[in-house]
Amino acid sequence: MSGTGDGPGDVLLTGATGFLGMELLARYLERTDRTVLALVRAPDLDRARARIDTVLELLFGRADIHPSRVVAIPADIEQDGLGLTDSLRELVAARTSEIVHCAATVSFVSELKDARRINVDGTSNLLRLATECANRGTLRRFVHVSTAYVAGTHDGEFGEHDLDVGQRFRNPYERTKYEAEQRVREHAAELPAVTIVRPSIIVGESTTGWTPSFNVLYVPLRAFALRRLRLLPADPSAPVDVVPVDHVADAIMHLTETSDRGLSTYHLVAAERAATVEQLVELSARQLGLRPPPLVSPRLYRAARPALVACAGGRRRAALERVAPFLPYYTMRVRYRRDRAGQRLDPAGLEPPPLRSYYHRLVQYAVATNWNRRPQPRPRAAAPSVASTRP
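Residues numbered from 1 in each chain as written. Predicted model: local features only at pLDDT ≥ 70, side-chain atom pairs only at ≥ 80, totals over all residues. Heavy atoms only, no water.

> Tell me what's going on with the overall build of the chain, and back it up with residues and numbers.
When helices and strands are tallied, the chain shows 14 helices and 15 strands. For 391 residues, the compact-globule estimate of 2.2 N^0.38 gives 21 Å, and the C-alpha radius of gyration of the chain, at 21 Å, lies within 12% of that figure. Taken along the three principal axes of its C-alpha coordinates, the chain extends 60 × 50 × 40 Å. The 391 residues of the chain split such that 56% are buried. At a minimum sequence separation of 6, the contacts of the chain that also span at least 24 residues come to 80%. Accessible surface, the chain: about 16400 Å² in total, of which carbon and sulfur atoms supply 49%. For the chain, the separation between the mean place of its 53 positive charges and that of its 44 negative charges on side chains is 9 Å. (Helix = DSSP H or I, 4+ residues; strand = E, 2+ residues; numbered from the N terminus. Rg over C-alpha atoms; globule rule 2.2 N^0.38 Å. Buried < 20%, exposed > 50% of the residue type's maximum accessible area, 1.4 Å probe, protein only. Contact = heavy atoms within 4.5 Å. Areas by Shrake-Rupley, 256 points an atom, 1.4 Å probe, with all protein chains shown as cover. Lys, Arg positive; Asp, Glu negative; His and termini not counted. Charge placed at Lys NZ, Arg CZ, Asp CG, Glu CD.)

> Which residues make up the pattern of salt bridges, and what are the values?
Evaluated as defined, the whole model comprises 31 salt bridges. A salt bridge links R34 to E98; the nearest nitrogen and oxygen atoms lie 3.5 Å apart. Remark: E98 occurs in strand β4 (residues 96–101) and R34 occurs in the loop between α1 (19–31) and β2 (36–41); sequence separation between them is 64 residues. Between D114 and K113 there is a salt bridge whose closest N-O contact spans 3.3 Å. (Salt bridge = Lys/Arg side-chain N within 4 Å of Asp/Glu carboxyl O.)

> Could you give me a rundown of the environment of R136, with the residues and numbers involved?
Residue placement: R136 occurs in the loop between α4 (112–135) and β5 (141–145). Sequence separation between R136 and A94 is 42 residues, and the spatial gap between their C-alpha atoms is 7.7 Å. Filtering out sequence-adjacent residues up to four positions away, R136 remains in contact with E90, A93 and A94.

> Account for the packing of α1 against helix α2 (residues 45–60), naming residues and giving values.
Closest axis-to-axis distance for the α1/α2 pair is 11 Å, and the angle between their directions is 75 degrees. Taken together, the axes of α1 and α2 are roughly perpendicular relative to one another. Together, M22, L25, A26, L29 and E30 of α1 and V55, L56, L58, L59 and F60 of α2 make up the contact between the two elements. When the residues that make up the contact of α1 with α2 are grouped by side-chain class, the tally is nine nonpolar, no polar and one charged. (Axes fitted to C-alpha atoms, helices over the stretch in contact; angles between N-to-C directions. Parallel < 35°, antiparallel > 145°, perpendicular 65-115°, else oblique. Nonpolar A, V, L, I, M, F, W, Y, C, P; charged D, E, K, R; others polar.)

> Describe the state of the cysteines, listing the residues and the values that go with them.
Summed over all chains, the structure comprises zero disulfides. Free of any disulfide, C102 has its nearest cysteine sulfur in C133, 17 Å distant. (Disulfide = S-S within 2.5 Å.)

> Tell me about the environment of R198, residues and numbers included.
If you trace the backbone, R198 turns up in strand β7 (residues 193–199). Judged by its relative accessible area of 0%, R198 falls in the buried class. It is 7.6 Å that separates the C-alpha atoms of R198 and T265, two residues lying 67 residues apart in sequence.

> Outline the sheet that holds β7, listing residues and values.
The seven strands lie next to each other as β3-β2-β1-β4-β5-β7-β12, forming an open sheet whose pairing is parallel. Lying at the two open borders of the sheet, with one neighbouring strand each, are β3 (70–75) and β12 (262–268). The average angle at which neighbouring strand axes cross in this sheet is 20 degrees, direction not considered. Examined bridge by bridge, β5 and β7 share four bridges and lie parallel to one another. Bridging across to β7, V143 finds its partner in T195. In this fold α2 packs onto β2 and β3, with an angle of close to 125 degrees to the strand it touches most, β3. (Pairing = 2+ DSSP bridges.)

> Requested: an account of the packing of aromatic side chains, with residues and values cited.
Within this structure, the stated rule accounts for ten aromatic pairs. Ring plane angle 45 degrees and centroid distance 5.0 Å describe the contact between F169 and Y178, whose orientation is recorded as tilted. The pair F169 / Y178 is uniform in exposure class, with both members buried. Arranged with centres 5.0 Å apart and planes meeting at 65 degrees, the rings of F214 and Y218 form a pair that is edge-to-face. An identical accessibility class is assigned to F214 and Y218; each is buried. A cation over an aromatic ring shows up here: R170 above the ring of Y329, its NZ or CZ 5.2 Å from the ring centre. (Phe/Tyr/Trp six-rings, centres within 6.5 Å; stacked < 30°, edge-to-face > 60°. Lys NZ or Arg CZ within 6 Å of the ring centre and 35° of its normal.)

See the structure below:
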């Protein structure tokens, strides 16, 4: 299938081996007849194909499904020209009508220079390819997956039109996603249409709990489940904005179906449906059958932390170190607005579900797979044996 500026054409997808990228890949294969050109970090075609086959097995239980619908392209977004050979770059430029850029490092503890190389320079390299496709008349849209946490330490409401509000950043991830979004906005005038989506904390599927990625929310949850988190430095009333991956993927698919032009930004967040820290702790304790950990002042915790670490045993000390980068997200005072997203998504039945409606599935899946030590393919997660497992 060849791409044209007006037709559906092929989708160039980065991050197809990542959590959100997998969900988008599944939807393109299940709900459209489009070919997906998947840029995969690999040195050659064979190893790129092997990585995509692993993803397909995880998504569908078999690698030979949808034959010829996924073209695995070895690339490296950190390199100039994306590390593409001349022939592969020509293929991509001639066939791509939509670029969906999901690839990123989501590590909160990476070095700033490393995060910039992937999140900022990688985005710039994709934008150069997008401009080349646009100049050839093949490109219809560039989709950039940002994050609601470009808001950084902002206190108060943060809208879809906001970016630079004088915020500081908690970690290299937030800072470099902010810088990457700046790059996208600088190049938007060169492209037919640019859609920026900003999800908040992405967790497993709302229907099954399935996830191959146990980050952010899952790290302190696991420490609590293993009785290694005896207290939680947090503001009980602070919002914890969480959205399931299926909502995010469905929203992206819906938002990119139209032929609108120019730059649009959408918050894919829970917003007023976000749970508070206190509600999240109560939900977790109820699902795990444990007493809720006491919530303490973050200032008091910072003062006591050296003593807590010194007194802790090896496993509890390691748990405290793993949890530390995520603790600031339990004291946030930002409230995300989703006015534009609500106007586009809510009439289509794509409102973000409240956490209490699916949180039990997240916990059940995590426990059933022993926190991904026994990973399940996506189809098996939908089976009653996993979906109904009690912690």
